[in-house]
Amino acid sequence: MESSLVLRPQWSDLPLDLLELISDRLNDCSSDTVDLLRLRSVCSTWRHSLPLSDKNTNPLSKFPPLLPFWSSSSSGFFVLKQSIVYKLEASQSWLVKVQETSPGTMRVLDLFSNDRLCFLPENFPERIDLRESHVRLVRRAYRVEYANKGGGEMSSFWSLSSDKVVTLSSRGHSAVMAIHSGGKLGFLKSGDDERWRILDNSWNVTYEDIMEYGENCIVVDDKGKTVIYDVEFNVSDLAEGLAGGGGHKKHLVECSDGEVLLVDKYVKHVWCKSECSKSAVEFRVYKLKKEEKRWEEVRELRDLSLFIGEDCSFSVETRDGASSTGGCIYYRDYRSGGRSRGVYSDGDGVFNVQLKDAGKFWVSY
């Protein structure tokens, strides 16, 4: 009996039109550069057929490189920047925040403050093989930074940057929303006359955090009152404010199952070397009860860890044998000068929700 040898097809033999469909699907799903890098690493044919391009994977390509300043009378502009938090599973799990400086080139940032990191931990992998390592996108973050092109003087009323920025895109419409001077909520539409407009100019409303949620964005004010906007800027109420207004600073967090949390930070003034700064002394966490339009206090986080950053906050589940790190909130502790030293759950400040205490230590999960 004759035997036949069956050869397994090679990935390089995949028709290029199917490869283009796969690449287009990545773009349609709002994927990122890491996904494209992993696709290109399959074989040399795919690498040459799929060039790295900002326009393919970067949501910022929908907007001009320079955005107008808050005030139309200014000679300066805003630069919209994106950073991404990844969960990297190599020899151990890491949280890494990076900013793409050019197609395929990444800069590692501090997880909480966006400062550039020049030194990585000694046990951080020297080489990351995307074919072997599991990399998961945790959260995108946006901010705008001022770029002066005319040397004009700036009014002290206007903030020169904003770390509270989201981008919205739906049905061909794109927009940027940001919280700026005095806690006001502004927006700018792509392709419009491209100038900032104020959504709610009420004198007694101060917005504190904004978060992308699907194709919409959720905004919370300093009393905990929460609303949701769509890309057409239609607004709906989500929750009434907290009793007595709550603490001093509100942060929005989305969990992996779509649940929305509100982290309320209570602070006090402490002296840090040459200046007086603020330091968290307690957190309270609430979950959104959508049908009842209210916030309900959460007594324990179980396997959930929350990370509170300047431009974004996010959650990570810690069910992989490291339950000791669950139920904690990680934040930037100004008592140590406001600096964090790592690329993952580094604890310049850590608050245990169950134990109601704060401490300072390194955590690797």
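This text goes with the structure placed above it.
These remarks concern the structure in this document. (Residues numbered from 1 in each chain as written. Predicted model: local features only at pLDDT ≥ 70, side-chain atom pairs only at ≥ 80, totals over all residues. Heavy atoms only, no water.)

We now examine the overall build of the protein chain. Regarding its fold elements, the protein chain presents four helices and 22 strands. Within the span of the protein chain, comprising 365 residues, buried residues form 48% of the whole. A separation of at least 24 residues holds for 51% of the contacts in the protein chain among residues at least 6 apart in sequence. On the protein chain, roughly 19400 Å² of surface is accessible, and the fraction owed to carbon and sulfur atoms is 47%. (Helix = DSSP H or I, 4+ residues; strand = E, 2+ residues; numbered from the N terminus. Buried < 20%, exposed > 50% of the residue type's maximum accessible area, 1.4 Å probe, protein only. Contact = heavy atoms within 4.5 Å. Areas by Shrake-Rupley, 256 points an atom, 1.4 Å probe, with all protein chains shown as cover.)

Core analysis: the biggest nonpolar cluster contains 16 residues, and M177, L185, Y207, I210, C217, V219 and Y229 have the highest contact counts within it. Elements represented by at least two residues in this core include exactly β6 (161-170), β7 (173-180), β8 (184-189), β10 (207-213), β11 (216-221) and β12 (226-229). Contact partners of Y207, with chain neighbours within four places excluded, come to I179, G183, L185, D200, V219, V220, D221 and Y229. Counting 15 residues, the second largest nonpolar core, distinct from the first, contains F63, Y142, V176 and W196. (Core = buried A, V, L, I, M, F, W, Y, C linked by side-chain atoms within 4.5 Å.)

The phi angle at F233 is positive, at roughly 70 degrees, despite the residue not being glycine. Along the polypeptide, F233 turns up in the loop between β12 and β13 (235-239). Despite not being glycine, R302 has its phi angle at roughly 55 degrees, a positive value. Among the secondary structure elements, R302 is positioned in the loop between β17 (294-298) and β18 (304-308).

With that settled, the discussion passes to the environment of F69. Following the sequence through the fold, F69 ends up in the loop between β1 (67-68) and β2 (76-89). Sequence separation between F69 and E145 is 76 residues, and the spatial gap between their C-alpha atoms is 9.6 Å.

Moving on: the sheet that holds β13. Strands sit in the order β10-β11-β12-β13 across an open sheet of four strands; the sheet is antiparallel. Two strands in the sheet have a free side with no partner beyond their single neighbour: β10 and β13. Adjacent strand axes in the sheet meet at a mean angle of 25 degrees, parallel and antiparallel pairs treated alike. Judged from the six bridges that link them, β10 and β11 form a sheet pairing that is antiparallel. The partner of Y207 across the bridge, within β11, is D221. (Pairing = 2+ DSSP bridges. Axes fitted to C-alpha atoms, helices over the stretch in contact; angles between N-to-C directions.)

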